[in-house]
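# Working through the structure, step by step
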Amino acid sequence: MMVNNMREQLVKAGYAQNSRPNMQIKGQQFDFEGFDVVTEAEKAIKELQYKDRYGNIKIDVTTSQIRKFLTAVNIVRNKVDLYKAKNKGAESLSKELTAEIKFLKVNLLYQAGRIAAVKQFMTISKLDVIIDSIGDSLSRFVKFTKYVEALVAYNEFFRR
């Protein structure tokens, strides 16, 4: 029951775009059209869960590890917000912002190379593929940021 309540709150906050439940990847290109950030974030975090030898449900990736990536995403998002304010009605991002978004993948890969749990998190959540598919699209970047926020929220929720 609590999961449904959280889902409703996230949907009201604008994090659910539609009701299609499956992440779709065409080749290595991510399909943003059928992507519901709430459903996919919940599925990704649930997939990371396992029972330890005492029967307790665990998630190896820590909240601080995910939040560290979220902080990097938010820094870029602040720059994108400034860009949107200066360029009213823009649907695509500048080359500089596009490069910064691509650099988020480097940040993620570095953490994944250091910590196995982060690598598992990256693989299950498909964050690396999603970052590659953003390109210069403003709407895709916004959806990506909401997905990362939803991952943090579900990770924290399922830890309690």
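Residues numbered from 1 in each chain as written. Predicted model: local features only at pLDDT ≥ 70, side-chain atom pairs only at ≥ 80, totals over all residues. Heavy atoms only, no water.

## Things to note about the overall build of the protein
Cut-off, in case you're wondering: Secondary structure elements are taken from DSSP: a helix is a run of H or I of four residues or more, a strand is a run of E of two residues or more, and numbering for both begins at the N terminus. Burial here depends on accessible area, computed with a 1.4 Å probe over protein chains only, as a share of the maximum for the residue type. Under 20% is buried, over 50% is exposed, and the range in between is partly exposed. Two residues form a contact once any of their heavy atoms are found within 4.5 Å. Here the open area of atoms and residues is found with the Shrake-Rupley method and a 1.4 Å probe, where only the protein chains shown may cover a residue.
Helix and strand content of the protein: 7 helices and 4 strands. N-terminal to C-terminal, the α/β element order of the protein is α-β-β-α-β-β-α-α-α-α-α. Taken across its 160 residues, the protein has 42% of its residues classed as buried. A separation threshold of at least 6 residues defines the contact pool for the protein, and within that pool the share at least 24 residues apart is 65%. Accessible surface, the protein: about 9,200 Å² in total, of which carbon and sulfur atoms supply 51%.

## Thoughts on the packing of aromatic side chains
Selection rule: The aromatic pairing rule takes the rings of Phe, Tyr and Trp, using the six-membered ring of Trp, and pairs them if the centres are within 6.5 Å, calling planes under 30 degrees apart stacked, those over 60 edge-to-face and the rest tilted.
Overall, the coordinates contain 5 aromatic pairs when judged by the stated rule. Ring geometry for phenylalanine 69 and phenylalanine 144: centres 6.4 Å apart, planes at 80°, overall edge-to-face. Here phenylalanine 69, found in helix 3 (residues 63–86), pairs with phenylalanine 144, found in helix 7 (residues 138–159); they are 75 residues apart in sequence, far enough to count as distant. Overall, phenylalanine 144 belongs to the buried group, its relative accessible area being 0%. An aromatic cluster is defined as three or more aromatic residues linked by ring pairs; in this entry it consists of Phe69, Phe141 and Phe144.

## Section: the pattern of salt bridges
Quick note on the threshold: When a carboxyl oxygen of Asp or Glu lies within 4 Å of a side-chain nitrogen of Lys or Arg, that pair is called a salt bridge.
A full pass over the atoms with the stated rule returns 6 salt bridges. Taking the shortest distance from any N to any O, the salt bridge between lysine 46 and glutamate 42 comes out at 3.2 Å. One end of the pair, lysine 46, and the other, glutamate 42, are both in helix 2 (residues 37–48), 4 residues apart, so they sit about a helical turn from each other. On the basis of relative accessible area, glutamate 42 is assigned to the buried category, the value being 6%. Here lysine 105 makes a salt bridge to aspartate 132, at a shortest N to O gap of 2.7 Å. Placement of the pair is lysine 105 in helix 4 (residues 95–114) and aspartate 132 in helix 6 (residues 127–134), with a sequence separation of 27 residues. Residue class for aspartate 132 comes out partly exposed when judged on its relative accessible area of 43%.

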